Amino acid sequence: MTTADLLGKLLQVVMGLAVLAAVVGLLIFFIDKAPKKGRDYWQLVGFLAPALIFLAIGLVYPAIRTSLLAFQTSGGEWTLDNFVWTFTQPTAIRTLINTVIWVLLVPTVSTAIGLAYAVFIDRSRGEKYYKVILFMPIAISFVGAGIIWRFVYEYRSGDREQIGLLNAIVTAFGGEPVQFMQTDPLNTFLLIIVMIWIQTGFAMVLLSAAIKGVPTEQIEAAQLDGTNGWQRFINVTVPGIRGALVVVLTTISIATLKVFDIVRTMTAGNFNTSVIANEMYTQAFRASEVGRGSALALILFLLVLPIVVYNINVLRKQREIR
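By the naming in an unreviewed UniProt entry, the protein chain is Sugar ABC transporter permease, taken from Agromyces soli. The Subcellular location (unreviewed entry) comment attached to the protein chain in UniProt states, word for word, "Cell membrane". The annotation that UniProt attaches to the protein chain under Sequence similarities (unreviewed entry) is "Belongs to the binding-protein-dependent transport system permease family."

K.L.:
Is there a simple way to think about the pattern of salt bridges in this case?
P.N.:
Proximity of charged atoms lets side chains of opposite charge pair with each other. Enumeration over the complete set of coordinates arrives at four salt bridges. As a salt-bridge pair, Arg 94 and Asp 184 come within 2.6 Å of each other at their nearest N and O atoms. Taken together, the positions of Arg 94 in helix 4 (residues 90-121) and Asp 184 in the loop between helix 7 (165-172) and helix 8 (186-212) put the pair 90 residues apart, joining distant regions of the chain. On the basis of relative accessible area, Arg 94 is assigned to the partly exposed category, the value being 22%.

K.L.:
What is the right way to read helix 8 from this model?
P.N.:
Note: α-helices contain 3.6 residues per turn, so residues at a spacing of three or four share the same orientation. The first and last C-alpha atoms of helix 8 sit 38 Å apart over 27 residues, in line with the 39 Å expected at 1.5 Å per residue. Helix geometry: helix 8 is bent most strongly at Gln 199, by close to 30°.

K.L.:
Mind showing me how you'd approach the side chain of Asn 187 here?
P.N.:
On the secondary structure map, Asn 187 appears in helix 8. In this view, Asn 187 contacts Phe 180, Met 181, Gln 182, Phe 271 and Thr 273; residues no more than four positions away in its chain are not counted.

The rules behind the values
- Residues numbered from 1 in each chain as written.
- Predicted model: local features only at pLDDT ≥ 70, side-chain atom pairs only at ≥ 80, totals over all residues.
- Heavy atoms only, no water.
- UniProt positions renumbered as here; feature names shortened; annotations may be inferred.
- Salt bridge = Lys/Arg side-chain N within 4 Å of Asp/Glu carboxyl O.
- Helix = DSSP H or I, 4+ residues; strand = E, 2+ residues; numbered from the N terminus.
- Buried < 20%, exposed > 50% of the residue type's maximum accessible area, 1.4 Å probe, protein only.
- Expected span 1.5 Å × (residues − 1).
- Bend = angle between axes of the 7 residues up to and from the residue.
- Contact = heavy atoms within 4.5 Å.

In structure tokens:
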């Protein structure tokens, strides 16, 4: 795309926004001139209309369009071949298996570590500093985290000095450097560690806040009954933070299902490390197989949907109890 084409596209966007602003302005003008009766309703419509328009253009239409493309060939013919490919080809099957491994490990390990950390530092001296240390990775973008950990796993052939942390440790003990990012299936688990490193701080903050909300009277009563620390944790603390645990697990699960940046930055999905989001991008924009990419996008949506519905139902039940 030339500079002139880019400027032309930019001018079109600016003109479109100007037209939208003019329409909204006229709408608000006529609302102000409307009779008192019903004015509040039209004001509500006037203020919500721009957001609803952008939502329809940026979310609803693409979702419908993607769902239709998932059942079409590149020539526009209706077919189920895109889904057949997804569940029959070894590459696609490996992508689905990798995604399942990610979803099983990342939420579980992140939540477990975050919960243990929150319990151990609860009301301890210097608690806020300990929290900052674990929370800092979540402030880093997924791309930034991927670049950082690429240096940790870096491999250099020959007699060159190993700048990767892991290979530097291996060679320091007399071992041979390892191509971590090319070793299957170890590379998938090494990528998962990056996601756990990012998400653990999120889990710790939410669960720490939930632990502080557990009534001290219940803990003291359990202590008077002669229970030990582990029994108080299982029978008092965990039931008291069940809602927070559900939120943390479901939120991290959704983020894990959508993971793209880490895989794309570190391996680009090569060496059997691809996941659904990365393969969706590869098929749609690299291999020009829009139907396959759309099918993977639809599968990803169907995987996320039950988690979202479950989360909503849990929060609704908690609200009814309160």
